[in-house]
Amino acid sequence: MKDKIGIICIGQAGGNLGFLLKNENFDVCFINSSKGDLDTLNVDDSKKYHITNGLGCAKDRTTAKQIAKKDFCNINEFLNKSLGEKDFYYIVFSTGGGTGSGISPVLADILTTHFNKKVGLITILPSNKDTLQAHINAYECVQEISNLKNICSTFIIDNNQKYNILHINEKFVKLFNKIFDYKKYETNKGNIDEAEVLKLLETRGMINVATCENNETTSKLIENIKNDIFAPLENDGKIKYLGLSKGIKFDEDLFNKEIGKYLDKFENTNKEYTLAILSGLTLPFKRVKDMKDKIVEEKEIILSFEKQNQKQLEDIDFLTKKDVIDEPNTEKEKINVNDLFAQYL
Ligand SMILES: Nc1nc2c(ncn2[C@@H]2O[C@H](COP(=O)(O)OP(=O)(O)OP(=O)(O)O)[C@@H](O)[C@H]2O)c(=O)[nH]1
Ligand SMILES: [Mg+2]
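Let us look at the structure shown here. (Residues numbered from 1 in each chain as written. Chains lettered and ligands numbered in written order. Predicted model: local features only at pLDDT ≥ 70, side-chain atom pairs only at ≥ 80, totals over all residues.)

### Digging into the overall build of the protein chain
A count of helical and extended segments in the protein chain gives 14 helices and 10 strands. Across the 345 residues in the protein chain, those meeting the buried criterion constitute 44%. Counting only contacts in the protein chain whose residues sit at least 6 apart along the sequence, the fraction spanning at least 24 positions is 73%. (Helix = DSSP H or I, 4+ residues; strand = E, 2+ residues; numbered from the N terminus. Buried ≥ 20, exposed ≤ 12 C-beta atoms within 10 Å, placed from the backbone. Contact = placed C-beta atoms within 7 Å.)

### What to know about the pairing of strand β10 (residues 274-281)
β10 sits mainly inside the fold: 8 of its 8 residues count as buried. Where strand β7 (residues 205-212) lies against β10, 6 bridges are found, and the strand directions are antiparallel. Across the sheet, the residue bridging to C212 is T274, located in β10. Pairing between strand β8 (residues 241-246) and β10: 5 bridges, direction antiparallel. (Pairing = 2+ DSSP bridges.)

### Overview of the site of ligand 1
Around ligand 1 there are 25 residues in total, and G11, S94, G96, G97 and G98 lie nearest to it. Among the secondary structure elements, those contributing two or more residues to the shell around ligand 1 are α1 (11-23), α5 (99-114) and α7 (165-179). Top element by residues in the shell around ligand 1 is α1. It accounts for 4 residues. For the shell around ligand 1, a count of residues per class yields 9 nonpolar, 14 polar and 2 charged. (Near = placed C-beta within 6 Å. Nonpolar A, V, L, I, M, F, W, Y, C, P; charged D, E, K, R; others polar.)

### What to know about the sheet that holds β8
Pairing is mixed in the open sheet, where 10 strands are placed in the order β3-β2-β1-β4-β5-β6-β7-β10-β8-β9. Each having just a single partner strand, β3 (48-50) and β9 (264-269) make up the two edges of the open sheet. Adjacent strand axes in the sheet meet at a mean angle of 20 degrees, parallel and antiparallel pairs treated alike. Relative to strand β6 (residues 153-158), strand β5 (residues 119-125) is paired through 5 bridges, and the arrangement is parallel. Bridging across to β6, I122 finds its partner in F155. (Axes fitted to C-alpha atoms, helices over the stretch in contact; angles between N-to-C directions.)

### What to know about the pairing of β5
When you tally the buried positions in β5, you get 7 out of 7 residues, the bulk of the element. A two-sided burial pattern is seen for β5, the buried positions comprising V119, L121, T123 and L125 on one face and G120, I122 and I124 on the other. The sheet contact formed by strand β4 (residues 88-94) and β5 spans 6 bridges and is parallel. Bridge pairing in β5 places I91 opposite L121. What joins β4 to β5 is α5, and the crossover it makes is right-handed. Each parallel crossover has a hand, and the one from β5 via helix α6 (residues 132-146) to β6 is right-handed. (Right-handed = clockwise from strand over helix to strand, strands pointing away.)

### Side note on helix α3 (residues 61-70)
Counting buried positions along α3 gives 8 out of 10 residues, so the element sits mostly inside the fold. Looking at α3, one finds that the buried residues are R61, T62, A64, K65, Q66, I67, A68 and K69. Against α4 (72-83), α5, α6 and α14 (337-341) lie the buried residues of α3.

### Quick word on the nonpolar core
Core analysis: the biggest nonpolar cluster contains 91 residues, and I8, I91, V92 and A276 have the highest contact counts within it. In terms of domain composition, this core takes at least three residues from each of domain 1 (2-151 + 298-341) and domain 2 (178-281). In this structure, I8 is in contact with C29, I31, L79, Y89, I91 and V92, ignoring residues within four places of it in sequence. (Core = buried A, V, L, I, M, F, W, Y, C linked by C-beta atoms within 7 Å. Domains from an automatic or database assignment.)

Written as C-alpha cells, this is what we have:
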C-alpha cells in the first residue's frame, strides 16, 4: 500500500521527516525555498524542487506564499513528474517556519479542492522554547488548516512533548510505518484491510497513532495516546474510527472512559505489538489557544517591533495581507493561479 501514497515534504522540518520516510520506502519528494537546505538531502535530483528565486523565507509565511504563487505551474509540474498519480498524498511541514507553514495549507487546498486529490497533513507544532514568530506562524497556519474543507487526516506532532526533535522524528516515522504493516497480521481471527486503513487516513480531523508492548496494558496504551509525540487530545471524547492491531487484553470500558467512544473499529490480532490508530479526532484547539495566550502575553514586546509586525499581531485572527501583484494567468496550463491563491494572499 505504501506505493499508493505520495509524500510531499516542504521546508526543512518536512525535509528531515521526509528523508526518514524515504528510507522506509515511501515515495517522497522535497520542495524548499532554500537551495542550501535541499542540497543537504541525499536524494535523487528528480525528487527535489527548489522554488524559483527562493532564497529561504526566514519564517515569513507571506513571502513563502508569494514565491509559491509565482512558481505554481512549475511546482505542479514537479509534483506530477516526481510522484505521479497516487491514491493519497501527505504534505509534511512544520507550522512554525516560513516555507512549509506558508505554502502547505494553500497547496493542500488546491490539490483537494481544485484537483480532486485526497490529501492529508503531517505537521509539527513549535515547542515553548521556540520564538514568538514561530508561535505566530503556527497559530496562523493551524487556523488555515482548520478551515480546509476537503482535507483528510492531520497528524499533529508536538515539539513541546518530552523528546528532542530528532527523537520525535524517529518516533513518528516508526509509528507511521507501522500503520502499513497490517498485512503481516492477517489471521482467521479478524483482519484490517486496505479499505479500512484508507478510511482511517481519509477521515478529516486529527489522527493519532500509539503503540505498546504486548506484555503491557490498556492503561499504557492510553498513556502513549495522550502523552507521546502528538499534540494533546482535546478530551471531548470524540473519535470517529479506531484501528486496533492488538496483542494486549484490550479494556474497552477504560478506553471509552479515558479516550472516548468511536463510531467503528477495525481490528486484527498482532503477536508482536499493539497499535492503536485514532482518526476523526477534534483538532487540538486548547493547545492552540495556549499558543495564542503566549503570543498575546508578549504583545507589549512585539508592539515595539516594526510596523508590519504590529499589524500582524493586532489582526492575528486573520491573514489579511494583500500586497501581491496578481500574476498573469498562464492560458497554456489552464490554471488560474490568481484564483487558487485568492484566499491566502
Ligand atoms: N520535529 C521537528 N521539528 C523541526 C525539525 N526541524 C525544524 N523543526 C521545527 O520547525 C520550526 C521551523 O520550521 P522549518 O521547517 O525549519 O521552516 P521552513 O519551512 O524551512 O521555513 P523557513 O526556513 O522559515 O523558510 C521550528 O519550530 C523547529 O523547532 C525537525 O526535523 N523535526
Ligand atoms: Mg528553511
